[in-house]
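Remarks on the overall topology
Here is what each chain is made of, one letter per residue.
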Amino acid sequence: MSEQEHSLGRIEVSPTAIASIADEAVLACYGVVGTAAKNLAVGVVSAVSSARKRGIEVRVEEGRISIDVYVIIEYGTRIVAVARSVMNVVKFSVERALGIPVVEVNVHVEGLRVSDID
Amino acid sequence: MADKESSTVVQQHPRLGTDGQGFKRLIKAALAWLQYHQNAINVLNVYPVPDGDTGTNMVLTMQSAWNEIKDSPEHNVGRVAHRMAHGALMGARGNSGVILSQVWRGFARSLDGKKVYRAPELAAACREAAATAYKGVVKPVEGTILTVARAVADSATRAEKDTDDLARMLERMVFAAHEAVMLTPSLLPVLKEAGVVDAGGQGLFVILEGMLRHMRGEPIAEDAQMADAVHLIATEVEPGEAGYGYDVQFLIVGQSLDVDQVRQRITEMGECPLVVGDPETVKVHVHVPDPGVPISYGAGLGSLRDVVVEDMQAQYRDFIAERDLTPAPATSQEIGVVAVVMGDGLASVFQSLGVEAIVRGGQTMNPSTQDLLEAAESLPARQVILLPNNGNVILAAEQACELGDKPIAVVPSRSIPQGLAALLAINYQADFETNVDVMASMMEDVKTGEVTTATRSATINGVKVTDGQIIGLHDGDLKVAGTKVEQVVLALLAEMDAAQCEIITLYYGADVSEDDAIALADLLQQTWSDQEIEVVFGGQPHYHYILSVE
């Protein structure tokens with residue numbers, strides 16, 4: 001749980017909620033045509049806490065958030081540019097919503113979708 | 001003999017096609033104009049991440065696209081567009097850069113295998129550009145560059161039905177882009193909160209505007225210092241047959257609305273359609289002659305909110321005012337002249353009178369449309385006048401006008417003396433159209449004589465000529481024939497009524513010595529003692545002498 005102390009009590013935001021914010025941000029991110037479920041056989045479940053929402057993995061450690069996103073990118077776009085913009089958008093959206101620093105966003109390009117051949 | 005229908009002869013031609021080199025110049029202009037607006041676009045950037053780099057990213061993307069094609073001699077527009085799209089892809093920076101690269105990717109795919117694009121191909125390419133851009137995202141966000149790309153595609157599709165002039169079409173597209181950009185805050189709340197329009201959308205508008213300025217021959221400032229010196233030539237976007245009409249906007253609130261169907265119906269109703277939304281709420285924007293039509297249609301689907309109806313004429317005036325349109329008189333850099341000339345002597349005569357580009361050619365070697373177009377486009381001038389100086393070159397020159405992407409006009413000079421007379425009439429303080437008209441009427445005041453050797457035997461205009469004889473032509477018509485050059489020149493000048501004129505100029509050809517030419521002039525002076533006789537080295541092949549009588 002991501003926690004913030006207030007005079008009236010505690011606010012807890014679950015990693016699943018954070019994953020939802022990230023998911024929204026990723027899907028509106030240009031060049032991303034889908035998120036991909038990571039292969040569970042090779043997935044390492046975080047010891048602390050972990051939540052997944054269709055290809056988004058959120059870990060919260062000592063009030064700091066790290067996020068892994070697994071995406072499908074449109075063939076023909078510049079993958080590095082799209083991935084970088086995913087990092088920026090996810091970090092920005094989550095920090096704006098929660099006010100908690102996102103220390104890292106790792107983008108895993110799991111596949112490409114080919115809609116047109118040039 | 002002056003003012004002989006000159007205004008109809010020399011009217012500015014519509015631009016009907018763009019080839020690979022023309023497209024290159026458009027991209028160059030777009031990049032320069034985008035660079036000029038880079039910081040202004042950066043400031044607008046609040047979405048998706050307010051990092052203030054949209055302008056920079058779009059410039060870097062376009063720069064990479066330009067670098068890919070700038071040295072290419074390719075004329076096939078499909079191939080140039082592909083190279084350029086590839087460059088945009090390789091250099092795509094940031095969210096807006098990636099979208100832009102997709103726009104160009106779709107644009108290029110549609111032009112596959114096309115040597116030249118004309119209005120229908122341009123419209124199709126714009127549609128494919130928008131469609132490709134939309135494919136690159138799961139949840140397209142309206143109020144962004146995507147919205148602007150679709151508005152441009154829609155307006156190109158409409159414009160293509162009304163005109164085949166690419167400049168006129170681009171005018172409509174730029175206007176539609178501007179409209180769509182202005183609507184972005186009402187589509188994307190984060191923009192409205194920040195009080196800005198979408199940065200990427202604005203960037204796309206600027207790119208198109210840069211191209212339009214190039215086509216209209218308007219200046220494109222390359223650095224901030226030039227900004228103050230920028231004055232545009234005001235020409236209003238021509239209204240359609242129904243006039244400007246009204247700008248109509250409203251929201252339809254209902255249940256299970258079919259956004260695509262609404263878009264289709266609204267698009268059929270008028271110009272600059274923009275329909276976005278979801279099954280519960282649809283935002284509609286369209287320009288129509290009768291605002292009642294879309295409003296009634298919308299009211300039939302659900303309840304209407306935020307209905308806005310504005311007079312388009314007033315809106316367009318604001319748009320023009322915003323762009324600081326001040327009619328400015330032409331200055332010397334604004335008009336350039338390309339002349340078709342044979343012979344080194346004549347070339348330097350034309351150059352001494354301010355002709356910036358000479359295309360070699362004449363009677364037996366007509367330059368191609370491409371040669372003329374390249375010469376015209378190579379000039380820094382914003383508008384170009386072509387002097388074909390030969391009846392056989394006029395057609396090629398007129399075709400060059402249609403293909404050029406800056407304004408080009410032909411002053412249809414049929415001979416060297418006509419070309420020179422036209423050139424002497426040029427006034428760099430006057431505007432383009434005035435110059436073209438004045439030049440065309442002035443060239444009618446000069447008579448042309450040509451003296452050459454017949455290459456075959458014939459009887460023309462009642463004059464019997466045998467192969468190898470010397471012949472004299474007055475304004476292209478065979479008038480005299482003889483065995484000696486001097487004798488033919490004398491007879492031809494008499495035929496041309498030289499006694500009524502003031503100046504006789506002899507341009508002697510490559511095969512005539514200066515001494516012979518001066519000797520001939522002395523001989524002529526005995527007959528025409530009141531006239532001023534000039535001898536000028538022309539260096540032209542085939543013609544022993546070209547005579548100008550005025």
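Bear in mind the structure is a predicted one, so any value in this text is a computation, not a measurement.

1. Overview of the sheet that holds strand β16 (residues 503-508) of chain B
Residues and elements named next belong to chain B.
- Across the sheet, six strands lie side by side as β15-β14-β11-β18-β16-β17; this open sheet has mixed pairing. At either end of the open sheet lies a strand with only one pairing partner, and these are β15 (477-482) and β17 (532-537). This sheet shows a mean twist of 20° between the axes of neighbouring strands, independent of strand direction.
- Relative to β15, helix α19 (residues 485-495) is tilted by about 140°, and along the sheet it contacts β11 (447-453), β14 (470-474), β15, β16 and β18 (543-549).

2. Details of the interface of chain B and chain A
- Every contact between the two is made by 25 residues of chain B and, on the other side, 25 residues of chain A.
- When the two sides are added together, the surface that chain B and chain A hide from each other amounts to roughly 2100 Å², 56% of it contributed by carbon and sulfur.
- Interface area lost by chain B to chain A is led by Arg105(B), Lys135(B) and Lys139(B), which between them contribute 25%.
- Remark: the boundary between chain B and chain A carries one salt bridge.

3. Let's talk about the packing of aromatic side chains
Residue and element names in this part refer to chain B.
- As enumerated under the stated definition, the model contains seven aromatic pairs over all chains in all.
- Seen in terms of ring centroids, phenylalanine 23 and tryptophan 104 are 6.3 Å apart; in terms of plane orientation they differ by 75°. Their pairing is edge-to-face. In this pair, phenylalanine 23 sits in helix α2 (residues 20-44) while tryptophan 104 sits in helix α5 (residues 94-110), placing the two residues 81 residues apart along the sequence. Just as phenylalanine 23 is buried, tryptophan 104 falls in that class too.
- For the ring pair phenylalanine 23 and phenylalanine 107, a centre distance of 5.7 Å and an interplane angle of 15° mean the geometry is stacked. Residue phenylalanine 23 is located in helix α2, and its partner phenylalanine 107 is located in helix α5; the two are separated by 84 residues in the primary sequence. Here phenylalanine 23 matches phenylalanine 107 in class, with each residue buried.
- Every member of this aromatic cluster is reached through a ring pair, and the members are Phe23, Trp104, Phe107 and Tyr117.

4. What to know about the confidence of the model for chain B
Residue and element names in this part refer to chain B.
- Of all residues in chain B, 89% have pLDDT values of 70 or greater, and the mean over the chain is 83.
- Considering each helix and strand of chain B separately, the mean pLDDT is smallest for helix α1 (residues 6-9), with a value of 34, and largest for helix α6 (residues 119-135), with 95.
- Note on residues 1-11: pLDDT under 50 across the span, and 19 contacts to partners over four residues away in sequence or across chains.
- Considering only residues more than four positions removed or in separate chains, one finds that residues 223-242, a stretch of pLDDT under 50, has 41 contacts.
- ipTM for the predicted complex: 0.72, alongside a pTM of 0.60.

5. Quick look at a negative patch on the surface
- Residues Asp445(B), Glu502(B), Glu532(B), Glu534(B) and Glu550(B) make up a contiguous surface patch of negative charge.
- Relative to the assigned elements, Glu532(B) resides in strand β17.

6. Section: the pattern of salt bridges
- If you walk through the whole model with that rule in mind, you get 17 salt bridges over all chains.
- Here Lys139(B) makes a salt bridge to Glu24(A), at a shortest N to O gap of 2.8 Å. Of this pair, Lys139(B) sits in the loop between α6 and α7 (145-162) while Glu24(A) sits in helix α1 (residues 15-27), each in a different chain.
- Residue classification places Glu24(A) among the partly exposed residues on the basis of a relative accessible area of 46%.
- Among the ionic pairs, Arg59(A) bridges to Glu104(A), the shortest N-O distance being 3.8 Å. A residue pair is termed long-range when its members are at least 10 positions apart, and Arg59(A) in strand β5 (residues 56-61) and Glu104(A) in strand β7 (residues 102-113) qualify at 45 residues.
- On the accessibility criterion, Arg59(A) (15% relative accessible area) is buried.
- Where salt bridges share partners, they join Glu57(A), Arg59(A), Asp68(A) and Glu104(A) into one cluster.

7. With respect to the environment of Ser441(B)
Residue and element names in this part refer to chain B.
- Note on placement: serine 441 falls in helix α18 (residues 432-442).
- Residue serine 441 is classed as buried on the basis of its relative accessible area of 10%.
- In this structure the side chain of serine 441 is engaged in a polar contact, spanning 3.0 Å, whose partner is the backbone oxygen of valine 438.

8. Some thoughts on a nonpolar patch on the surface
All names here are of chain A.
- Taken together, the side chains of Tyr75, Ile79, Val109, Leu112 and Val114 present a nonpolar region at the surface, about 380 Å² in accessible area.
- Within the secondary structure, valine 114 sits in the segment after β7.
- The exposure class of valine 114 is partly exposed, given its relative accessible area of 46%.

9. As for the side chain of Arg150(B)
- Within the secondary structure, Arg150(B) is located in helix α7.
- If we ignore the near neighbours within four places in the chain, the residues touching Arg150(B) are Ala130(B), Tyr134(B), Glu142(B), Arg263(B), Val275(B) and Val276(B).

10. Side note on the packing of α2(B) against helix α10 (residues 199-216) of chain B
Residue and element names in this part refer to chain B.
- Two elements in contact, α2 and α10, have axes separated by 7 Å at closest approach and are oriented at 145°. You can see that α2 and α10 cross each other, and the crossing is right-handed. Residue-level inspection shows Arg25, Leu26, Ile27, Ala29, Ala30, Trp33, Leu34, His37, Ile41 and Leu44 of α2 in contact with α10, the latter providing Ala199, Gln202, Gly203, Val206, Ile207, Glu209, Gly210, Met211, Arg213, His214 and Met215.

11. Considerations on the side chain of Asn76(B)
- Locating Asn76(B) in the fold gives a position in the loop between α3 (54-69) and α4 (77-90).
- The contact partners of Asn76(B), leaving out residues within four places of it in the chain, are Gly20(B), Gly113(B), Lys114(B) and Lys115(B).

12. Re the sheet that holds strand β9 (residues 383-387) of chain B
Residues and elements named next belong to chain B.
- Taken together, the four strands give an open sheet; going across it, the order is β8-β7-β9-β10, and neighbouring strands pair in parallel fashion. A single partner strand is all that each edge strand has here, and the edge strands are β8 (357-360) and β10 (408-410). Each adjacent strand pair in this sheet contributes to an overall mean axis angle of 20°, direction not counted.
- As paired elements, strand β7 (residues 335-341) and β8 share four bridges and run parallel to each other. Looking across to β8, one finds that valine 340 is bridged to valine 359.
- Against the sheet, helix α16 (residues 394-403) contacts β9 and β10, and its axis sits at roughly 160° relative to β10.
- Strands in contact with α18 are β7, β9 and β10; relative to β9, the strand with the most contacts, it is inclined by about 10°.

What counts and what doesn't
- Counting restarts for each chain: residues are numbered from 1 in the order of the written sequence.
- Chain letters and ligand numbers both follow the written order, the letters beginning at A and the numbers at 1.
- This being a predicted model, a pLDDT of at least 70 is required before a residue's local features are given, and a value of 80 or more before pairs of side-chain atoms are given or counted; all residues contribute to the totals for chains, interfaces and linings.
- Water and hydrogen atoms play no part in the side-chain values, which are based on all heavy atoms of the structure.
- What makes two strands pair is DSSP finding at least two bridges between them.
- Only runs of H or I of at least four residues qualify as helices and only runs of E of at least two qualify as strands under DSSP, and these elements are numbered from the N terminus.
- Axis lines are fitted through C-alpha atoms, for helices just across the contact stretch, and the angle between N-to-C directions can take any value from 0 to 180 degrees.
- Only heavy atoms enter the contact rule, under which two residues are in contact if any of them lie within 4.5 Å.
- A simple way to read buried area is as the amount of 1.4 Å-probe accessible surface that goes missing from two parts once joined, with both sides added.
- Definition used for salt bridges: Asp or Glu carboxyl oxygen within 4 Å of a side-chain nitrogen of Lys or Arg.
- Any Phe, Tyr or Trp ring, taking Trp's six-membered ring, that has another such ring centre within 6.5 Å forms a pair; planes under 30 degrees apart are called stacked, those over 60 apart edge-to-face, and the others tilted.
- Only protein chains enter the area calculation, which uses a 1.4 Å probe; residues under 20% of their type maximum are buried, those over 50% are exposed, and those in between are partly exposed.
- Per-residue confidence from the prediction method is given by pLDDT, with values spanning 0 to 100.
- Two joining distances apply to patches: 9 Å for like charges and 5 Å for nonpolar side chains (Val, Leu, Ile, Met, Phe, Trp, Tyr), and every residue must have over 30% relative accessible area and no salt bridge.
- Here the accessible surface of atoms and residues is derived via Shrake-Rupley with a 1.4 Å probe, and residues count as covered only by protein chains that are part of the display.
- Note that His is not counted, nor are the chain ends; the positive residues are Lys and Arg, and the negative ones are Asp and Glu.
- Here the site of a charge means atom NZ of a Lys, CZ of an Arg, CG of an Asp or CD of a Glu.
- Polar contact is the term for a pair of N or O atoms within 3.5 Å; when the atoms are in protein, one must be able to donate a hydrogen and the other to accept it, and sequence-neighboring residues count only if both atoms are side-chain atoms.
- Handedness of a crossing is defined here by the sense of rotation of the near helix relative to the far one, left-handed for an anticlockwise turn of less than a right angle and right-handed for a clockwise turn.

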